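# Structure assessment
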There are 4 protein chains.
Amino acid sequence: MAGSSLGNFFKVTTWGESHGKSVGVIVDGCPAGLSLSEEDIQVYLDRRRPGTGKLVTARQEKDEAQIMSGIFEGKTTGTPICILIWNQDSRSSDYSQIAFCYRPGHADYTFDAKYGFRDYRGGGRQSGRETVGRVAGGAVAMKILKELGIDVAVRVTEIGGRAIGPGERIEEAVQVEEGNSLGGIVECRVNGLPAGLGAPVFDKLDAKLAQAVMSIGAVKGVEFGDGFAAAKSTGQENNDAFFLGEHGIEKETNHAGGVLGGISDGSELILRAAVKPTPSIGLPQRTVNREGKAVTLRIRGRHDAVIVPRAAVVIQSMTALVLTDLLLENMTVKMDSLKVFYGRAGG
Amino acid sequence: MAGSSLGNFFKVTTWGESHGKSVGVIVDGCPAGLSLSEEDIQVYLDRRRPGTGKLVTARQEKDEAQIMSGIFEGKTTGTPICILIWNQDSRSSDYSQIAFCYRPGHADYTFDAKYGFRDYRGGGRQSGRETVGRVAGGAVAMKILKELGIDVAVRVTEIGGRAIGPGERIEEAVQVEEGNSLGGIVECRVNGLPAGLGAPVFDKLDAKLAQAVMSIGAVKGVEFGDGFAAAKSTGQENNDAFFLGEHGIEKETNHAGGVLGGISDGSELILRAAVKPTPSIGLPQRTVNREGKAVTLRIRGRHDAVIVPRAAVVIQSMTALVLTDLLLENMTVKMDSLKVFYGRAGG
Amino acid sequence: MAGSSLGNFFKVTTWGESHGKSVGVIVDGCPAGLSLSEEDIQVYLDRRRPGTGKLVTARQEKDEAQIMSGIFEGKTTGTPICILIWNQDSRSSDYSQIAFCYRPGHADYTFDAKYGFRDYRGGGRQSGRETVGRVAGGAVAMKILKELGIDVAVRVTEIGGRAIGPGERIEEAVQVEEGNSLGGIVECRVNGLPAGLGAPVFDKLDAKLAQAVMSIGAVKGVEFGDGFAAAKSTGQENNDAFFLGEHGIEKETNHAGGVLGGISDGSELILRAAVKPTPSIGLPQRTVNREGKAVTLRIRGRHDAVIVPRAAVVIQSMTALVLTDLLLENMTVKMDSLKVFYGRAGG
Amino acid sequence: MAGSSLGNFFKVTTWGESHGKSVGVIVDGCPAGLSLSEEDIQVYLDRRRPGTGKLVTARQEKDEAQIMSGIFEGKTTGTPICILIWNQDSRSSDYSQIAFCYRPGHADYTFDAKYGFRDYRGGGRQSGRETVGRVAGGAVAMKILKELGIDVAVRVTEIGGRAIGPGERIEEAVQVEEGNSLGGIVECRVNGLPAGLGAPVFDKLDAKLAQAVMSIGAVKGVEFGDGFAAAKSTGQENNDAFFLGEHGIEKETNHAGGVLGGISDGSELILRAAVKPTPSIGLPQRTVNREGKAVTLRIRGRHDAVIVPRAAVVIQSMTALVLTDLLLENMTVKMDSLKVFYGRAGG
């Protein structure tokens, strides 16, 4: 199955690998009439880019978004929006070392196992560069959500087991051994979400978000609300009591994280993702080459010692994509809605 | 979007709610020539059924699987397999109490918010009874996996924060306060899985499994391999070194849990799911009715104090469904495979 | 790919073959709040059934629709509607003759070629009986369309090359040689359809209808408006001039058949399908058995000499299914619609 | 529903409109290991381009295919292949005339009805230019089919009601009134197709082809084998007798056009499409503007008097796309195939 698309109504299809000519995304099913400019997308691409700090890779791409289609006089037309970003800083020679051996923690071996060979330059399709298209598509979703008063916020809450407070600068809080890397936790909180998003069975809101967030290469776990902590609690502790608040029916607590039975309940949506430490480390590692011969690998060049902050914007993007898709789905589920839309309300 | 289907090649579509006439599943895309009987399915349905112990509901359904289509002379024909299970023990009167109030931790409120009203008898489509169809479909997948030498095992590893050893009986290990309930952890381990399952981007093996497992009502978190613990480790600790073993290229450790870059690596697949405590508790709870008026709810009748063991077979089923779907996908990804299949190998 | 489902928003999945226990359909994505009873479905199943006339098969099934799920207090709940119809009149012994030879014009040979074997009883999944599920699902769609003021009418316009006038009785107009069969044309006209249904590229209204109607076993051609006659005309003749009528912008003529660029234009939708003569004839035919040995086949028992009137209701059903699916899609394509639905109209 | 994608296994997603920066396609699910160059694609794009003759538009685009991703060392990698073609000759000023009025036979009105406004430059997404992406994607499919020994041939068989013999030059055979246009028939014949492609119900080979071909803007009818003529024949005439030929089981005649019960039978696949005359004519036409005010439109500039030959390559492309998708599907339908693929043949 062609697995480069996500979503049913609001569907993104990404292309591109580390060392092809370009990466990008087609956003199909975007409602017509949304104001959208390249600047709207650039903001998110800039957040995804490696910075200048000591913990991130020195590879520099300007990552300028070019809208190829789907916009007329500054507004979306309802037809596919193609957003292209050229690959610029792709020195293939840097990667000759990894062409014939399997980097631990990377997908080199599994790509070979599946396809018979792989584009080994910079990781090819398994490269983090693949996320550029996700973020570009996510930016379109974020614009829609904003117009509907929905806010998707992400924050790094933990690095290498150390809690990161709000506003705390990661580079100051964290020490990484030379050549090593650290994992962490990203928390995503969505406010302003209407109740009713998600479908009861396989397309539950949390199920769709779990797929979307887990599809980010570095993510190894996803949880909602109390998540794994809920497994240690009792029904009495974990149930959130309902009450009539100023905005209608609300909950006293939010152990559920904003989703009940796979459908948003109108309270804050809370999702956390576990991000593994970057596998590209400068320390020597045992591995094998394609023939199975043991080799010692020491990955040259600079890589992100802490990928977590860059993963945060991707998690935000994936969340926004799923929410937008489900916002569209939810418009079609009541017979009354059809009658109103097609002018048969009194019918 | 119609959300009652899962899978692309091997696709299940479930129907049914707590108090309709029947529940069931259509399995579409099952390869032709698989030996399949109603007994093959019954084994799993029996494991999903409430038992007779002190921790589970007294509701008794025989849950007999009836195959309606897709089988000829004991073998699958490649056409849809419809499996139907009648609802028997559905005393609607038991549920009059919950018709007009929102049970905490349940989807009563969110169903009303989405659809405008709901089938309140026993939870309707949000009932755990909906999982009967999943388990029936999963049984077909389990049969296929078995024929390919793939073993999917599940085990409850924790209840209410207390570790459960292999072979340990939950009823003896766990004490639940009268009227309260406990959550827990289910671990699923798959052996015999070939390398190459899953696709690089949105249809990663772990992403698809995350959706499938998170789509079970009680599940609040999913992780693979070290999962959330990976977020606390370093790259050096978390990377699994490759070596040439007796079965080909293997890994010294398995922090990754059998999946690299979203594709199975041929080692043991390890997945854990956090199951929340059953929200149906006998203790008094604060909530509101449809008009928002505060009420105190005390759920009558017996319910599962610990749903975790019953959730385990559902997690096993969902895992089997995803694996079977991806096994089919993986047959189509190499040009050489096409040439062999269509007799053009030398072409 | 599991090919027993049709539709994205309003999705039907059928099961069943000629001699399994039952046939039926799951309708997933039906809007909540539609009044629906078994009688609503029965009307269409009765029209699909063989009658008592001289041109149709003597096989008699009562074909009683049973709704298994998705209805509460007479209304759809938004969850899957399962409709089951038992197979009753299935005397397997009648079909021993065709078990080992390939009937000309039937799918016996192609099923064997694809799956390695087949359920030969009455044609199995290739039997016209498979259409029971389509008609049951189509009945739900027809109910929705009716509530929106959309009328889908079908009529046999030609049998064996002879035009059939409106109201003309086919049995009186047509003579069929003993043991032979005749094909014909079915025309479907839809009135009350809003402009805007269908999407610009692959999911054009006419493209989706073409798939749906061509997926009926006996259909060999589909055309819209002037159809094949348009190929013989000029642009000046074929273009429909616009004018301002009492219902808004209308067309002076309707060579296009109600669809422009794949999107409905608000005028009458006109579709015609070519139905081939039933291949089950009583005359002797040359064919081979599974081993390739030449045999002469003379199909025993009574079969429809003219299947066209029974195909008409299936064509109507397929049309209704596609229209309903696209009516839902069309609710989600404007940013303004989202703002209105989510209460951000002034946003 | 986002309608710019086609196919399940071999999936194309197109973008672009007449006057955006570029048009193109993402081919997802292409098997790894196929030799593919930009020249392979260019051949088909060149056939789609307007020529220099008297019957075609003078708009000139070089239409150079650029492969953006999915190729490594001259071979497909199994990841998405993005093919981009820049729009060059897009003089927006030429189209000011049609910005505010609805061209008869075009989708101007229906786009406005659906989306609330449209990109009126050159027809936007409804422009024939959208087919560039289809042809680029189709070229990849054609390469796969060729490697499997499958030949897809198209030919214009009729223009304006006049039969066109094989090899006959259309420009010599046909006279078109100044400013007017003509329709025609395109026939597609596929040889070398294995038996077994297509699925029994909604995803029948002919149903999928009907959708794909009808999704081309100018096509108003599709038929297979005898098609509409079959409606005038008898079962005895229309049934194709089987016999044992030198290539196995064959048919004496081919009224069915190579497909039985929606599955290819191994004989020649025959499809015909009715192409309407180009609606862009130079003669004066009655229409209205957006406000409904009557205007007389005379489309300036040169347009194709006969679009049929250019439609032929698009029909070929759409056919190739569907066949490739179904070739992949067909690899997964037998349990024996799974066992062979996963090395459990003796299991």
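As shown above, the structure is provided for reference.
Overview of the structure. Note that the structure is a prediction, hence the values are computed from the model and not measured.

This brings us to the overall build of chain A. A tally of regular secondary structure across chain A gives eight helices and 18 strands. In terms of overall size, chain A behaves like a compact globule, its C-alpha atoms giving a radius of gyration of 22 Å where 347 residues would be expected to give roughly 20 Å. Counting only residues that meet the buried cut, chain A has 69% of its 347 residues in that class. Contacts spanning at least 24 positions in sequence make up 69% of the contacts within chain A whose residues lie at least 6 apart.

Moving on: the interface of chain A and chain B. Contact with chain A, which involves 108 residues of that partner, is made by 106 residues of chain B. Here chain A and chain B share an interface that buries about 8,300 Å² over both sides, 62% of which is from carbon and sulfur atoms. Counting across the interface, chain A meets chain B through six salt bridges. B:E158 is the salt-bridge partner of A:K232, the closest N and O atoms lying 2.7 Å from each other. Put simply, chain A and chain B have 41 residue pairs in polar contact (both at pLDDT 80 or more) between them. Relative to strand β11 (residues 219-224) of chain B, strand β11 (residues 219-224) of chain A runs antiparallel, the two being bridged by three bridges. Of the residues in β11(B), the one forming a bridge with A:G221 is B:E223.

Turning to the relation of the copies chain C and chain A, a few remarks are in order. Laying chain C over chain A is done by rotating through 180° and shifting 0.0 Å along the axis; what remains is an RMSD of 0.0 Å. Each copy turns onto its partner about a two-fold axis. Proximity to the rotation axis, assessed at the C-alpha, singles out C:M331 in chain C; its C-alpha lies 3.5 Å from the axis. Comparing interface residues between copies, 100% of those in chain C also lie at the interface in chain A; the contact surface is shared.

On to the environment of C:S18. Residues and elements named next belong to chain C. Topologically, S18 is positioned in the loop between β2 (11-15) and β3 (22-28). On the basis of relative accessibility, which here comes to 1%, the residue S18 falls in the buried class. When the C-alpha positions of S18 and R125 are compared, they lie 6.5 Å apart, and in sequence the two are 107 residues distant. A polar contact is formed between the side chain of S18 and the side chain of H19, at a distance of 2.9 Å.

Residue and element names in this part refer to chain A. At a minimum axis distance of 8 Å, the contact between helix α1 (residues 38-48) and helix α3 (residues 131-147) shows a crossing angle of 135°. Here α3 runs oblique to α1, going by the angle between their axes. Considering how the two elements wind past one another, α1 and α3 form a crossing that is right-handed. Facing α1, whose interface residues are D40, I41, Y44, L45 and R48, α3 presents T131, V132, V135, A136, A139, M142 and K143. Tallied by class, residues from the contact of α1 with α3 come to eight nonpolar, one polar and three charged.

The interface of chain C with chain A comprises 26 residues on the first partner and 26 residues on the second. A per-residue breakdown of the area chain C buries against chain A is headed by C:M331, C:M335 and C:Y342, which together make up 27% of the total. The interface formed by chain C and chain A includes two salt bridges. Between A:K339 and C:E147 there is a salt bridge, and its shortest N-O distance comes to 2.7 Å. The interface formed by chain C and chain A contains 12 residue pairs in polar contact (both at pLDDT 80 or more). Elements with a minimum of two residues in the side of chain C that touches chain A: α3 (131-147), α7 (308-329) and α8 (335-341) of chain C. By residue number, the principal contributor to the side of chain C that touches chain A is α8(C), which donates five residues. Looking at the side of chain C that touches chain A, its residues break down into 17 nonpolar, five polar and four charged.

Both copies of the chain are tied together by a single rotation about an axis and a shift running along it. With an RMSD of 0.0 Å, chain A superimposes on chain B once it is rotated by 180° and translated 0.0 Å along the axis. Counting the interface residues of chain A, we find that 98% of their copies in chain B are interface residues as well, pointing to one common contact surface.

On to unusual backbone geometry, then. Backbone geometry at B:E73 places phi at a positive 50°, although glycine is not the residue there. You can see B:E73 is positioned in the loop between β5 (71-72) and β6 (75-76). A positive phi angle, near 50°, is found at D:D63, a position not held by glycine. As for its position among the elements, D:D63 is in the loop between α1 (38-48) and β4 (66-67). We classify D:D63 as buried; its relative accessible area is 1%.

With that out of the way, let us pick up the environment of C:T324. Residue and element names in this part refer to chain C. Position of T324 among the secondary structure elements: in helix α7. Separated by 186 residues in the primary sequence, T324 and G138 have C-alpha atoms spaced 9.4 Å apart. Every residue in contact with T324, bar those within four places of it in the chain, is listed here: F10, A141, I144 and L145.

Throughout the structure, instances matching the rule amount to zero disulfides over all chains. No disulfide involves C:C82; its sulfur sits 6.2 Å from that of B:C82, the nearest cysteine.

The next point concerns the sheet that holds strand β8 (residues 151-159) of chain C. Read across the sheet, 10 strands follow the order β9(C)-β8(C)-β10(C)-β16(C)-β11(C)-β11(D)-β16(D)-β10(D)-β8(D)-β9(D) without closing on themselves; strand pairing throughout is antiparallel. The open sheet is flanked by β9 (162-163) of chain C together with β9 (162-163) of chain D, the only strands paired with a single partner. In the sheet, β8(C) pairs with strand β10 (residues 184-191) of chain C via eight bridges, with the strands oriented antiparallel. When the bridges of β10(C) are listed, C:A153 appears paired with C:R189.

About the thresholds
Every chain is numbered independently, its residues counted from 1 as its sequence is written. Whichever chain is written first is A, and whichever ligand is written first is 1; the rest continue in order. In keeping with the predicted nature of the model, local features appear solely for residues at pLDDT of at least 70, side-chain atom pairs appear and are counted solely at 80 or more, and the whole-chain, interface and lining totals rest on all residues. Side-chain measures were taken over the full set of non-hydrogen atoms in the model, leaving aside hydrogen atoms and water. Elements are defined by DSSP. Helices are runs of H or I of four residues or more, strands are runs of E of two residues or more, and each kind is numbered from the N terminus. What the globule rule says is 2.2 Å times the number of residues to the power 0.38, and the radius of gyration is computed from C-alpha atoms. Only protein chains enter the calculation, and the probe is 1.4 Å; a residue is then buried if its accessible area is under 20% of its type maximum, exposed if over 50%, and partly exposed in between. Contacts are residue-level and defined by heavy atoms, with any inter-residue pair within 4.5 Å sufficient. Summed over both partners, the accessible area (1.4 Å probe) lost when two parts come together is defined as the buried area. We define a salt bridge as a side-chain nitrogen of Lys or Arg found within 4 Å of a carboxyl oxygen belonging to Asp or Glu. Side-chain atoms alone can form a polar contact between residues adjacent in sequence; in general such a contact is a pair of N or O atoms within 3.5 Å, and within protein one must be able to donate a hydrogen while the other accepts it. Two strands qualify as a pair provided that DSSP identifies no fewer than 2 bridges between them. Here the copies are superposed with least squares, the fitted atoms being C-alpha atoms of residues at a pLDDT of at least 70 in both. Axes, fitted as lines to C-alpha atoms, cover a helix only where it is in contact. Angles between the N-to-C directions of the axes lie from 0 to 180 degrees. Oblique is the label for every angle not falling under 35 degrees (roughly parallel), over 145 degrees (roughly antiparallel), or within 65 to 115 degrees (roughly perpendicular). Less than a right angle of anticlockwise turn of the near helix away from the far helix marks a crossing as left-handed, whereas a clockwise turn marks it as right-handed. Each residue is assigned to one of three groups, with Ala, Val, Leu, Ile, Met, Phe, Trp, Tyr, Cys and Pro labelled nonpolar, Asp, Glu, Lys and Arg labelled charged, and all others, Gly among them, labelled polar. Cysteine sulfurs are considered disulfide-paired once they come within 2.5 Å of each other.

Everything listed here is a matter of coordinates, which is why it stays silent on function.
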